[in-house]
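# Report on the structure
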Amino acid sequence: MALPALASYPPPAVSQPLDTAALPLPAADFERVRRLIHQRAGIHLQSGKEAMVHSRLSRLLREHGLPSFAAYLDELERSGTEPMWQQFVNALTTNLTSFFREEHHFTALAELLRHKAQGVRVWCNAASTGEEPYSLAMVLAESLPANAPFSLLCTDIDTQVLATARRGVYPADARGLSPERLKRHFLRGTGANAGQIRIKPDLAKRLSFEPFNLIGNQWGRFTEPFDIVFCRNVMIYFDATTQKRVLAAIHQTLKPGGLLFAGHSENFSDEKQLFKSRGKTMYERL
Ligand SMILES: C[S@@+](CC[C@H](N)C(=O)[O-])C[C@H]1O[C@@H](n2cnc3c(N)ncnc32)[C@H](O)[C@@H]1O
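Below or above, wherever it landed, is the structure these notes cover. As the structure is a prediction and not an experimental result, all values here were calculated from the model. (Residues numbered from 1 in each chain as written. Predicted model: local features only at pLDDT ≥ 70, side-chain atom pairs only at ≥ 80, totals over all residues. Heavy atoms only, no water.)

At a minimum axis distance of 11 Å, the contact between helix H1 (residues 27-41) and helix H4 (residues 82-92) shows a crossing angle of 105°. One way to sum up the angle between H1 and H4 is to call them roughly perpendicular. Across the interface between the two elements, Val33, Leu36, Ile37, Arg40 and Ala41 from H1 touch Glu82, Trp85, Phe88, Val89 and Leu92 from H4. Grouping the amino acids of the contact of H1 with H4 by side-chain chemistry returns eight nonpolar, no polar and two charged. (Axes fitted to C-alpha atoms, helices over the stretch in contact; angles between N-to-C directions. Helix = DSSP H or I, 4+ residues; strand = E, 2+ residues; numbered from the N terminus. Parallel < 35°, antiparallel > 145°, perpendicular 65-115°, else oblique. Contact = heavy atoms within 4.5 Å. Nonpolar A, V, L, I, M, F, W, Y, C, P; charged D, E, K, R; others polar.)

If you want it as C-alpha cells, here you go:
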C-alpha cells in the first residue's frame, strides 16, 4: 500500500499573534519598569500600577515581536535605540488634561495681563495634548493690551502628545470651551472634518512646541527668562527630591517677580527661599 506523502510533515508553523493579555508581568519585571521610567522621566510609579503597565507595554511587545516583558526589557536595556526609549516613555506618561482646567488660574492671569503693555514670555511645560497651552494663548490674546507681544513655548517629554498639541485639532464638544471662545479662536471642520475644531492659524502661530524633559540636562538652553511658567499636574508624579531639583531649575528660568502656576494638589509653600505664595497654587519667584 502506498504511504501518503510526508512532504508536509511536520506541519508548517503558523505564526499566531502574541496573546499579550495572557502574559504574566512578574514582580521583578514591574520593578525593572519602575526603575527605568524613574531614571528616564523622574516618574515615580506607585506599586499597584501593574495592570496599567501591563496594558500600556503589551502593545510595544507586540510591535517588537517579543515574547515576554523580560525579553522586551532586555532588548530595551541592551540595545534600545532612542526611538525605542522614547516609545517606552510615551507609553508610561499619563496625559490627562482639558481646556481651562483649574479655571481660577486663567481668571487670575487675565487680571494680571491687563497691565503688561510690554508683553510677556510664557513657558507651558508638561503641556500634554495642547489644551492647556491653547487655553493660555486664548487668555493672552484676550487680555494683554493691544499690540503687546507675547511668546508661548510649549514642551512635554512625550513626543506623541506634543504632535497632537502641534496639530491643534480637537473634538468640537471638547470640555472647557465656552461658545464665545469656540467662535473667536477656532475654525469648525466641515465635510470629512465635521465634528472637529482647529485653533485659528493667527493664534496657533504664536506657539512653539519642543520636547523637554524636566529631569534632563537641557536647562541651559533657556537664555532669556520667562515672566510666567505653567508646570501643572506633573510634579505629582515625581518624588520629593526630584520635585525640589525641578523647582530650583524653574526658579532659575523665571524673572524675579515672575509667576509659577502649579497643579491643584501640588504645594510648594515650603520652598520659602525660592517662591512666595500668591494664592491658590500660584507662586511668585523671589
Ligand atoms: C497629567 S498631564 C498634565 C497636563 C497639563 N499640564 C494639565 O495640567 O492639564 C502630565 C504631563 O506631564 C508630562 N511629563 C511627565 N514626566 C515629564 C518629564 N520628566 N518632563 C516633562 N514632562 C513630563 C506627561 O507626558 C504628561 O503630558
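Let's pick the thread back up.
Next up on the list: the site of the ligand. The ligand sits among 22 residues. The nearest are Ala41, Thr97, Ala126, Asp156 and Asn233. In this structure, a nitrogen atom belonging to the ligand sits 2.8 Å away from a main-chain N or O atom of alanine 41. Contact between the ligand and threonine 97: an oxygen atom at 2.6 Å from a side-chain N or O atom of the residue. About the coverage of the ligand: the protein hides 99% of its 610 Å² of free accessible area. Applying the majority rule of atoms within 2 Å of the grid points places the ligand in the largest pocket. In terms of residue class, the shell around the ligand is made up of ten nonpolar, seven polar and five charged. (Near = heavy atom within 4 Å. Polar contact = N/O pair within 3.5 Å; in protein donor to acceptor, adjacent residues only side chain to side chain. Areas by Shrake-Rupley, 256 points an atom, 1.4 Å probe, with all protein chains shown as cover. 1 Å grid on protein atoms, 1.4 Å probe; cavity = no way out; pocket = protein on both sides within 12 Å on 5 of 7 lines; lining within 4 Å. Sits in = over half its atoms within 2 Å of the grid points.)

Counted as a void, the largest pocket has a volume near 390 Å³. Thr94, Ala126, Asn233, Val234 and Tyr237 are the residues nearest the centre of the largest pocket, which is lined by 23 residues in total. Along the lines of polarity and charge, the residues of the lining of the largest pocket split into eleven nonpolar, eight polar and four charged. (Points joined across faces, edges and corners; volume = space filled by probe spheres on them.)

Let's shift gears to unusual backbone geometry. The bulk of non-glycine residues show a negative phi, and the bulk of peptide bonds are trans. Look at phenylalanine 100: it is not a glycine, yet its phi comes out positive at around 55°. Note that phenylalanine 100 resides in the loop between H4 and helix H5 (103-113). Phi at alanine 126 takes a positive value of approximately 55°, unusual for a residue other than glycine. On the basis of relative accessibility, which here comes to 16%, the residue alanine 126 falls in the buried class. (Buried < 20%, exposed > 50% of the residue type's maximum accessible area, 1.4 Å probe, protein only.)

Once that is clear, we can look at the sheet that holds strand E7 (residues 226-231). The mixed open sheet is built from seven strands, whose spatial order is E6-E2-E1-E7-E8-E10-E9. Two strands in the sheet have a free side with no partner beyond their single neighbour: strand E6 (207-211) and strand E9 (275-277). Neighbour-to-neighbour, the strand axes of this sheet turn through a mean angle of 20°, independent of strand direction. Those strands touched by H5 are strand E1 (120-125), E7, strand E8 (254-262) and strand E10 (282-285), and its axis lies near 175° from that of E7. Here helix H10 (residues 240-253) sits on the sheet in contact with E1, E7, E8, E9 and E10, set at roughly 135° to E8. (Pairing = 2+ DSSP bridges.)

What follows covers the sheet that holds strand E4 (residues 186-188). The strand order across the open sheet formed by three strands is E3-E5-E4, and the pairing between neighbours is antiparallel. Only two strands of the sheet have a single partner each, and these edge strands are strand E3 (169-171) and E4. Strand-to-strand, the axes of this sheet are offset by a mean angle of 35°, without reference to chain direction. In the sheet, E3 pairs with strand E5 (residues 196-199) via three bridges, with the strands oriented antiparallel.

All right, on to H5 then. Within H5, burial applies to His105, Phe106, Leu109, Ala110 and Leu113. Projected down its long axis, H5 shows its buried positions confined to an angular sector of 135°, all on one face. (Arc of directions from axis to C-beta.)

Among the nonpolar cores identified, the biggest contains 39 residues, and Phe99, Leu152, Leu177 and Phe186 are the most heavily contacted of them. At six residues, the largest contribution of residues to this core is made by helix H6 (residues 131-143). If we skip the residues at most four places from it in the chain, leucine 177 touches Phe99, Phe100, Met138, Leu182, Phe186 and Ile197. Formed by 26 residues, the second largest nonpolar core is a distinct cluster that contains Leu60, Trp85, Phe88 and Leu92. (Core = buried A, V, L, I, M, F, W, Y, C linked by side-chain atoms within 4.5 Å.)

Let's shift gears to the pairing of E8. Summarising the sheet, E7 and E8 pair through five bridges and their orientation is parallel. By the bridge assignment for E8, phenylalanine 230 is matched with phenylalanine 261. Each parallel crossover has a hand, and the one from E7 via H10 to E8 is right-handed. (Right-handed = clockwise from strand over helix to strand, strands pointing away.)

The subject of this paragraph is the packing of aromatic side chains. A full pass over the atoms with the stated rule returns 17 aromatic pairs. Aromatic pair tryptophan 85 and phenylalanine 88: ring centres 5.7 Å apart, planes at 90°, arrangement edge-to-face. Of this pair, tryptophan 85 and phenylalanine 88 both sit in helix H4, three residues apart, which is roughly one turn of that helix. According to the relative accessible area criterion, tryptophan 85 is buried, its value standing at 9%. Taking 5.1 Å as the distance between ring centres and 85° as the angle between the ring planes, the aromatic pair formed by phenylalanine 212 and tryptophan 219 counts as edge-to-face. Accessibility expressed as a relative area gives 17% for tryptophan 219, which makes it buried. An aromatic cluster is present here, built from Phe99, Tyr134, Tyr170, Phe186 and Phe209 joined pairwise through their rings. One Lys or Arg, arginine 40, reaches over the ring of tryptophan 85 and ends 4.0 Å from the middle of that ring. Geometry around phenylalanine 226 places arginine 121 over its ring, the cationic atom sitting 4.7 Å from the centre. (Phe/Tyr/Trp six-rings, centres within 6.5 Å; stacked < 30°, edge-to-face > 60°. Lys NZ or Arg CZ within 6 Å of the ring centre and 35° of its normal.)

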